[in-house]
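Summary of the model geometry
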Amino acid sequence: MKYNVPFIKPSFPSAEKISRDYELILSSNWFTNFGPFEKKFANKVGEYVGNDYTGVTFSNATAALIATILATLGKGDGTKYILLPSFTFAAGAHAIIWCGYKPLFIDIERIGLHMDIKVAKAALEDKNFERKIVGILFCNSFGVGATNIDEWEELSKSMDLPLIIDSAAGFGSQYTEEKMVGSAGAVEVFSFHATKPFAIGEGGASVTRNKAIADKLYSVQNFGFDKNKNATGLGFNAKMQELNAAIGLRQFESFKDTLINRRKTFRQYLSILDKKKYTLQHNAELASLCFAAVIVNDTTKRDKVLSALKEVGVEVKTYYSPTLHEQKYFSSLKCYSPLYNTQQISNSILSLPIHDNMREQDIDLITTTLNNN
Ligand SMILES: *Cc1c(COP(=O)(O)O)cnc(C)c1O
């Protein structure tokens, strides 16, 4: 079905601009393996997050997650757990399993839709899991920064467990006016997939303040090599090629405006939607907004609203439904306590489109349809 208002409408740099970059790549005869475009883009990503941060580029965020777990925890023997929400994208759970650990699903809270720190603490204090939990894979749901990220950092410090943060959809987001998403935990991971607000097609990055971890991240993604091309640890190939980095550098040119426009659309949703019927995800006004997550307060109406929007030509989604523990491959994994909120939110959520330059008439159509249902 073709929609008048598609869910995702990325704006990519013009063919003209990219062809100039491509000419440079051709004439330098340097296509991948940390060429000038990759180096510049990696620096920009790190700088964007903050002065002391190092950006490490990747071919995609899933590879970045795998490398990040390997760089912080090493390869597991299949017996230890890493905490993560079931209310997230499959990549995190896959990464945990690829690295030799077991995902342990934790319920979410209902305001920010993030992993619930109270439940995580209960799991960490539970005798049944004593010395069996080795890390935390927090997820900034839909790229929206958790307002209690400081508490997670304290917990990780006090338990001596690395805090890895999957902020895949959140490049450009802020936890607060002062704190950028990307600056928390041991490492934060971003995706530059075509569906994310900072889109280059396929690409990702891990950002860290820890130089030793950054070096390891580069080694893991390059066959485990050290500077002498000597494999010193487990690795694979997850390098970002020059052309993708060139697209990324071009995206930086317009990213400030992209954020302004996307946040403006979100504020319109926030002000026009009937608050008795709809609740928008908390703190999303400071996010880069791959889309707007909205809870239909009367859960029984979610599917009706979904069809109403589709009928008027608006493509909407229901992230994350199904949740991870409902998907076949993950269904035998452990949930720590029943995932009551996860289930409830997943049954009442709608993902509304946000484009770089959303047309007023489309915002109108969406909000009117929602308020009339
Ligand atoms: C998009 C996304 C990923 C995967 O990113 P890729 O670059 O496509 O590998 C991982 N986690 C979350 C939460 C995402 O939204």
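Refer to the preceding data block for the structure.
Description of the site of the ligand
- Not every one of the 13 residues close to the ligand is listed here, only the nearest: Ala-61, Thr-62, Asp-166, Ser-191 and Lys-196.
- A distance of 2.6 Å is found between an oxygen atom of the ligand and a side-chain nitrogen or oxygen belonging to Thr-62.
- Interatomic distance of 2.7 Å between a side-chain N/O atom of Lys-196 and an oxygen atom of the ligand.
- Here the ligand loses 89% of its free accessible area of 380 Å² to cover by the protein chains.
- Looking at the shell around the ligand residue by residue, the class counts come to 5 nonpolar, 6 polar and 2 charged.

So, the nonpolar core
- Residues Phe-41, Leu-83, Ile-133, Ile-136, Phe-138, Trp-152 and Phe-192 are the most contacted members of the largest nonpolar core, which totals 47 residues.
- Looking at this core, the element that brings in the most residues is helix α8 (residues 242-272), giving 7 residues.
- If we ignore the near neighbours within four places in the chain, the residues touching Ile-133 are Tyr-81, Leu-83, Leu-104, Ala-123, Leu-124 and Leu-161.
- In terms of nonpolar packing, the next biggest core, distinct from the first, is built from 34 residues, Ala-64, Leu-70, Ala-90 and Phe-330 among them.

Here we look at the pattern of salt bridges
- Evaluated as defined, the whole model comprises 10 salt bridges.
- Of the charged contacts in the structure, one is a salt bridge between Arg-262 and Asp-356, with a shortest N-O distance of 2.5 Å. Here Asp-356 lies in the loop between β11 (349-353) and α11 (360-371) and Arg-262 lies in helix α8, a separation of 94 residues in the sequence.
- For Asp-356, a relative accessible area of 7% translates into the label buried.
- As a salt-bridge pair, Arg-302 and Asp-303 come within 2.8 Å of each other at their nearest N and O atoms.
- Overall, Asp-303 belongs to the partly exposed group, its relative accessible area being 47%.
- One continuous salt-bridge network, built from bridges that share partners, spans Lys-17, Asp-21, Arg-250 and Glu-253.

Focus: the sheet that holds β11
- Within the open sheet, the 3 strands sit side by side as β8-β9-β11. Their pairing is antiparallel. Whereas interior strands pair on both sides, the edge strands pair on one side only; in this sheet they are β8 (278-280) and β11. For this sheet, the mean inter-axis angle between neighbouring strands, taken without regard to orientation, is 35°.
- Direction of pairing for β8 relative to strand β9 (residues 291-296): antiparallel, over a ladder of 3 bridges.

A short note on helix α4 (residues 90-98)
- Those residues of α4 that sit buried are Ala-90, Ala-91, Gly-92, Ala-93, Ala-95 and Ile-96.
- Here the buried face of α4 lies against α3 (61-73), β2 (81-85), β3 (102-106) and β4 (133-139).
- One or two residues past the end of α4 sits Gly-100, with phi positive at roughly 85°.

Regarding the pairing of strand β7 (residues 204-208)
- The buried fraction of β7 amounts to 5 of the 5 residues, a majority that puts the element mostly inside the structure.
- Burial along β7 is two-sided: Gly-204, Ser-206 and Thr-208 and Ala-205 and Val-207, pointing in opposite directions, are all buried.
- Pairing of strand β1 (residues 54-58) with β7 involves 5 bridges; the strand directions are antiparallel. Of the residues in β7, the one forming a bridge with Val-56 is Ser-206.
- As paired strands, strand β6 (residues 187-191) and β7 are joined by 4 bridges and run antiparallel to one another. Residue Val-189 lies in a different strand from β7, and its bridge partner there is Ser-206.

Conventions used here
In this numbering scheme, every chain counts its residues from 1 along its sequence in written order. It should be noted that, the model being predicted, local features are given only for residues of pLDDT at least 70 and side-chain atom pairs only at 80 or more, the latter also being counted only at that level, while totals for whole chains, interfaces and linings use all residues. To obtain the side-chain values, all non-hydrogen atoms of the structure were used and water was disregarded. When we say a residue is near a molecule or strand, we mean one of its heavy atoms is within 4 Å of it. Two N or O atoms count as a polar contact when they lie within 3.5 Å, although within protein this holds only if one can serve as hydrogen donor and the other as acceptor, and sequence-adjacent residues are included solely when both atoms are side-chain atoms. Each accessible area is a Shrake-Rupley estimate made with a 1.4 Å probe; only the visible protein chains count as cover when residues are assessed. Each residue gets one of three labels, nonpolar for Ala, Val, Leu, Ile, Met, Phe, Trp, Tyr, Cys and Pro, charged for Asp, Glu, Lys and Arg, and polar for the others, Gly among them. In these notes, a set of buried Ala, Val, Leu, Ile, Met, Phe, Trp, Tyr and Cys residues joined through side-chain atoms within 4.5 Å is what counts as a nonpolar core. Per-residue accessibility, obtained with a 1.4 Å probe over protein chains only, is compared with the maximum for each type, and a residue is labelled buried under 20%, exposed over 50%, and partly exposed between these values. The numbering of helices and of strands both runs from the N terminus, where a helix is a DSSP run of H or I of at least 4 residues and a strand a run of E of at least 2. Between two residues, a contact is recorded if the distance between any of their heavy atoms is within 4.5 Å. Definition used for salt bridges: Asp or Glu carboxyl oxygen within 4 Å of a side-chain nitrogen of Lys or Arg. A pair of strands counts as paired when DSSP detects no fewer than two bridges linking them. The axes used here are C-alpha line fits, helices contributing only the stretch in contact, and every angle between their N-to-C directions lies in the interval 0 to 180 degrees.

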